[in-house]
Amino acid sequence: QPEHDLDSSSANRVREPMEDYKRWVEDFKKKMEQGEKYNKLALKTHPDKNQDPRATEKFKALLQAKKELEGPTEAEAAQATEAAPAYASLSKIMNRLKQGLETVTETVKRKKFKVSVKKPDLKSVRMPSVNKYATWTVAQREDFRQKVWKLQTESEHYLQKAKEAMDAFKATREA
């Protein structure tokens, strides 16, 4: 039997690259049309060509829209790749804190005992998207890391106090 027999499954594999190519050509045509439309609109709205007092504002909005449609540049993608490990680590910490606090909060409510310290507010530190995190300066990343560390410390303190309260609660019930 020949090694490359064209059964139905291999025939499908042969067609896929051609369909991918056709899809790519269609996407390319759309991008070219969008580019032409963008260039025409950019010429109309450019502050040097348009005397409208809001021309600068409109032109900036058009630039921002183009940037969002194009997606990240190679440099931005590289930044995101570089930032990904640190971001993943911080995200993992935040998820663990959230899960731990939810579990303890549920137990505290169910058992109806008091914890002597205030529960940390996880909403005080919002995780940015990895792309946004990648655009931050070193100082901004360090500031965020410090906030997560502080929240982690507060959470660990709260969890310790909750454990102590739970132990005291159990001791009173056993006595």
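Residues numbered from 1 in each chain as written. Predicted model: local features only at pLDDT ≥ 70, side-chain atom pairs only at ≥ 80, totals over all residues. Heavy atoms only, no water.

Colleague: What am I meant to see in the side chain of Thr 45 here?
Modeller: Mapped onto the fold, Thr 45 is located in helix α1 (residues 8-45). Assessed through its relative accessible area of 12%, Thr 45 is described here as buried. (Helix = DSSP H or I, 4+ residues; strand = E, 2+ residues; numbered from the N terminus. Buried < 20%, exposed > 50% of the residue type's maximum accessible area, 1.4 Å probe, protein only.)

Colleague: It is not clear to me how a nonpolar patch on the surface should be interpreted in this structure. Could you clarify?
Modeller: There is a patch of nonpolar side chains on the surface, built from Trp 24, Phe 28 and Met 32 and spanning about 350 Å² of accessible area. With respect to the helices, strands and loops of the structure, Met 32 is situated in helix α1. (Patch = residues over 30% accessible without salt bridge, like charges linked within 9 Å, V, L, I, M, F, W, Y side chains within 5 Å. Areas by Shrake-Rupley, 256 points an atom, 1.4 Å probe, with all protein chains shown as cover. Salt bridge = Lys/Arg side-chain N within 4 Å of Asp/Glu carboxyl O.)

Colleague: What's the story with the nonpolar core in this structure? I'm lost.
Modeller: Where a protein is soluble and globular, its nonpolar side chains tend to be buried together. Residues Met 94, Val 125, Tyr 133, Phe 144 and Val 148 are the most contacted members of the largest nonpolar core, which totals 14 residues. Taken together, the elements giving at least two residues each to this core come down to α3 (74-111), α4 (130-135) and α5 (138-174). In terms of residues, this core owes the most to one element, α3, which gives 7 residues. Apart from residues no more than four positions distant in its own chain, Phe 144 is found in contact with Leu 90, Val 125, Arg 126, Met 127, Pro 128, Tyr 133 and Trp 136. (Core = buried A, V, L, I, M, F, W, Y, C linked by side-chain atoms within 4.5 Å. Contact = heavy atoms within 4.5 Å.)

Colleague: Please clarify how the side chain of Ser 155 should be interpreted in this entry.
Modeller: Relative to the helices and strands, Ser 155 resides in helix α5. Note on Ser 155: relative accessible area 1%, which makes it buried. Not counting residues up to four positions away in its chain, the partners in contact with Ser 155 are Leu 97, Leu 101 and Pro 120.

Colleague: Before we go on, may I ask you to explain the environment of Tyr 133 in this structure?
Modeller: Within the element layout of this structure, Tyr 133 appears in helix α4. In this structure the C-alpha to C-alpha distance between Tyr 133 and Ala 86, which are 47 residues apart in sequence, comes to 9.6 Å. Discounting residues that sit within four places of it in the chain, Tyr 133 has contacts with Ala 83, Ala 86, Tyr 87, Leu 90, Pro 128, Arg 141 and Phe 144.

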